[in-house]
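Fold and geometry: a report
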Amino acid sequence: MFLGVIAAIPLGYSRWMMEKTSKQIEFIFDFRDLLQIASYEPNPETFVQLQLESMKETGITTMSVYESTLNDLMLAGRLNIYSESQAALLQRNIPISNRNFTYVLFTGEKEENTLRPIIKNRFNKDNINVSNWTFGGRTGLILETPIENALIKTMEPDPLALQLIHDEGFKIIPRISDRDRPFDQEATERMLADFQKLGVKRILFDGSTVKGFGDQPEKGTLNSFGDLLNKYNIGLAAIENLENPQSGFEILANIVEYNVVRLYSLSENDSATVKPDVIADRVLLAAKDRNIRMFYLNGSVVRNPDNSGITNSLDNVYKAIASQGGAKDKLSSVGFSIGEAKQFERSSPPGNELLEAVISLGAIAIIAFLIGAFFPALLLPAFFLLLIGSVALYFYSSALVEQGLALGAGISTSTLAMIWSMKRVDKYTRKYEKLPQGFSIKRRFEISVFLFFATTLITLLSTPFVIGLLSEITYNLRLQQFRGVSVLHFAPIALVSLYTAAFMRRSSILNLQKILRSQITLAWVLAALVIGAIGYYYLSRTGNSGTVSSLEMLLRGMMEQFFGVRPRTKEFLIAHPLLLLGFFLSIKFRAARVLIIIGTIGQLSIIDTFAHLHTPLYISGVRVLIGLGLGLIVGLFLIGIWQLVEKRIVEGYNKWVGMEKWK
């Protein structure tokens, strides 16, 4: 176990250094949203030009451009689209019966020369006939398909929009999809070559799959697309907190050697309704606490019936970024600058595989120690069985072994820490009962503080194993995640409770026999229901899906503002104080050990903090230390309150006894 901790140090240092290599933040705006907003203005083109200037002044450096549709091109003022009946009305003719075509008119010669071949090639690819059409001195096309079908066909991004954005001094991040199938190798390479000429460094996928995923099983198109990305030195952007990860992204990320930057998206609704200071805080938190380097800003039109007007969210976004105390100021204060976001530069220490093997052996040893705590005779057999099983499973899935051992080490270390503390409390309790006056309050306090920090230090032994076993860049990028958080938050509490109730003083066999022969009473059933309800609420608060009250959100904000790093509420306000109070009271009152068991939650939360592998190690460490410090202070406050209450109760009892004697 000791060797495992030592072996994890080089891997932890490599991660520490990696997290310092990318310090530039890139703000991206959705160009399609800008065009949509401009369509509600009297002079759309002038409005777009003015907003592009405002965005540069604000700090927005990049524009996102989607694959184009006919509707997008019409929104950009490149062409006009008509259905069969609209075209007939335009020409003052009666619609031709039994025909339902789409009619396109280009707004100028430049638009026609650029877009005609793109539109023609795209519709011919689907065996849709395309012919020439003219009206009112303008040229166009007839697409022999209904307008509903024509509008959903995707083409390469609008070259005119790309050139405009480039000429205005913005970087470009294209959003491409896998909708245009089958995968066309030559067309894709031409598109990427054009992107490279425009200085494109990353692409962002649109939809539930990455480009090339649909044809991967038959043609290996993901590999082909990844090779093209490497050829043109173009990386990827990974969208944060998608309900379902984009299919094929992890495979493609591996092919491009994890040239990936994580991206946070501000929704259209949030850009319009969330206050600028709240948006700025979100940006700071994401960059500082979650290693996010790209921020995607959406815009929207806001209809206000009360004022009989239409506004947009642009001013709100500008204030959030560039106002005094906005996102730019907050980021600058913690060492970030505005610029091109880059991937983290990583390097593995010498003998990386050997180090991971030693760490794995250490994790297996910890799990075996836990089994031995309950059944001492099984210590060595458990170690060798776990070793053999891990080696066998490694050839099936190395990631499964790494995550399983990391989870096992976390559960085992925290459980062993609490078992150790329970044994010490039991030892001190027996000493206390033998002394005529027991321990002094000062002595109980010293013991409690010692047990509090000693237990935490044992729990922290799990940290090197979690960091060392899950050191792959895929965890930092959240392409893989630490599994079993709910198990981590529940299993140690159950194991500590079981050990305290059944394994503390008697042999394991005798305790098991006693439990199995016990009669189940109504009190047991009611206690089980209460414990189950509490456990359900506790687990519902665990993980990313947990809900948080408005009061707790306010407290979190205050903590973040005051300390710069927000400690976990359940640690400093509940678990750590109850653990300290539990140690203090349990020396005198055996029933108070239930507080120690509840305090186990704080130890598990410490492990969970370091299991957030996308959070910088520095932030996790500071968060844990602040939680311990505040928890100690709150715990001391609770001990003080208890002493006052206990004193009043004793004085009241003595007074009552004296009155009874007098009577």
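To keep things clear, this report deals only with the structure shown in the data block. All residue numbers here refer to positions counted from 1 along the written sequence of the relevant chain. At least 70 in pLDDT is required for a residue's local features to be given in this predicted model, at least 80 for side-chain atom pairs to be given and counted, and no such filter applies to totals for whole chains, interfaces and linings, which use all residues. As a rule here, side-chain values come from all non-hydrogen atoms in the structure, and water together with hydrogens is ignored.

Regarding the overall build of the protein
Stated formally: For the purposes of this entry, the term helix denotes a DSSP run of H or I that reaches at least four residues, the term strand denotes a run of E that reaches at least two, and both are numbered from the N terminus. Categorising residues by exposure relies on relative accessible area from a 1.4 Å probe, with only protein chains included: less than 20% of the type maximum marks a residue as buried, more than 50% marks it as exposed, and the intermediate range marks it as partly exposed. Whether two residues are in contact is decided by their heavy atoms, any of which lying within 4.5 Å being enough. We get accessible surface area from the Shrake-Rupley algorithm with a probe of 1.4 Å; when it comes to residues, only the shown protein chains can shield them.
Scanning the protein from terminus to terminus reveals 29 helices and 14 strands. By residue count, 50% of the 663 residues in the protein fall in the buried class. By sequence separation, contacts in the protein at least 24 residues apart represent 78% of the contacts at least 6 residues apart. When the accessible surface of the protein is split by element, carbon and sulfur atoms take 59% of a total near 33,300 Å².

Some thoughts on the pattern of salt bridges
The test is simple: Salt bridge, as used here: a side-chain nitrogen of Lys or Arg that lies within 4 Å of a carboxyl oxygen of Asp or Glu.
Under the defined criterion, the tally for this structure stands at 26 salt bridges. With its nearest N and O atoms 2.7 Å apart, the salt bridge here joins R116 to E112. Placement of the pair is R116 and E112 together in helix α6 (residues 109-125), with a separation of four residues, close to one helical turn. As far as burial versus exposure is concerned, R116 and E112 are alike and both buried. The shortest N-O distance in the salt bridge between R290 and E240 comes to 3.3 Å. A residue pair is termed long-range when its members are at least 10 positions apart, and R290 in helix α14 (residues 276-290) and E240 in the loop between β9 (235-239) and α12 (249-255) qualify at 50 residues. Taken as a pair, R290 and E240 share a single burial class, namely buried.

What about the environment of Q603?
Quick note on the threshold: Definition of a polar contact: a pair of N or O atoms within 3.5 Å, with one able to donate and the other able to accept a hydrogen when the atoms are protein atoms, and with sequence-neighbouring residues admitted only if both atoms are side-chain atoms.
Mapping Q603 onto the fold places it in helix α28 (residues 593-610). Overall, Q603 belongs to the buried group, its relative accessible area being 0%. Contact partners of Q603, with chain neighbours within four places excluded, come to M418, T455, T456, T459, H576 and L579. Within the local environment of Q603, its side chain forms a polar contact with the side chain of T459, the two groups lying 2.7 Å apart.

Remarks on the side chain of S462
Positionally, S462 belongs in helix α21 (residues 462-469). Residues in contact with S462, not counting those within four places in the same chain, are A409, G410, T413 and I607.

Let's talk about the nonpolar core
Put simply, the rule reads: Residues belong to one nonpolar core when they are buried, are Ala, Val, Leu, Ile, Met, Phe, Trp, Tyr or Cys, and are joined through side-chain atoms within 4.5 Å.
Counting residues in each nonpolar core, the largest one holds 71 residues, and the members touching the most others are F27 and L236. Examining the composition of this core, we find that six residues originate from one element, α14, more than from any other. Those residues in contact with L236 that sit more than four places away from it in its chain are R202, I203, F205, L229, F249, L252, A253, V256, N259, V260 and V261. Membership of the second largest hydrophobic core comes to 41 residues, among which are F439, L451, A592 and I597.

As for the pairing of strand β6 (residues 138-143)
Strand residues, when the strand is regular, have side chains that alternate between the two faces of the sheet. Note the following rule: Pairing between strands is defined by DSSP: at least two bridges between the two strands are required.
Direction of pairing for strand β4 (residues 102-106) relative to β6: antiparallel, over a ladder of four bridges. Residue Y103 lies in a different strand from β6, and its bridge partner there is I142. Sheet topology places strand β5 (residues 130-135) next to β6; six bridges connect them, and they run antiparallel. Directly across from N132, in β6, lies its bridge partner L141.

Examining a nonpolar patch on the surface
Using the following cut-off: Patch rule: a residue counts if its relative accessible area is over 30% and it has no salt bridge; like charges are joined within 9 Å, and nonpolar side chains (Val, Leu, Ile, Met, Phe, Trp, Tyr) within 5 Å.
Taken together, M1, F369, L379, L380, F384 and L461 make up a surface patch of nonpolar side chains, about 530 Å² in accessible area. Along the chain, L380 falls in helix α18 (residues 379-394). Classification of L380 as exposed rests on a relative accessible area of 54%.

Some thoughts on the packing of helix α19 (residues 398-434) against helix α23 (residues 485-503)
Short version of the rule: Working convention: axes come from line fits to C-alpha atoms, limited for helices to the stretch in contact. Angles between N-to-C directions cover 0 to 180 degrees. Should the near helix be turned anticlockwise from the far one by less than a right angle, the crossing is left-handed, and should it be turned clockwise, the crossing is right-handed. Gly is placed with the polar residues, together with every amino acid not listed as nonpolar (Ala, Val, Leu, Ile, Met, Phe, Trp, Tyr, Cys and Pro) or charged (Asp, Glu, Lys and Arg).
Direction vectors running N to C along α19 and α23 enclose 30°, while the axes themselves pass 9 Å from each other. For the pair α19 and α23, the crossing hand works out as right-handed. Of the residues in α23, those in contact with L407, G410, I411, S414, T415, M418, I419, M422 and K423 of α19 are V487, L488, A491, P492, L495, V496, Y499 and T500. For the contact of α19 with α23, the residue count by class is twelve nonpolar, four polar and one charged.

So, unusual backbone geometry
Despite not being glycine, N233 shows a phi value in the positive range, around 55°. Following the sequence through the fold, N233 ends up in the loop between α11 (221-231) and β9. Positive phi values are uncommon outside glycine, yet N241 reaches one of about 60°. With respect to the helices, strands and loops of the structure, N241 is situated in the loop between β9 and α12.

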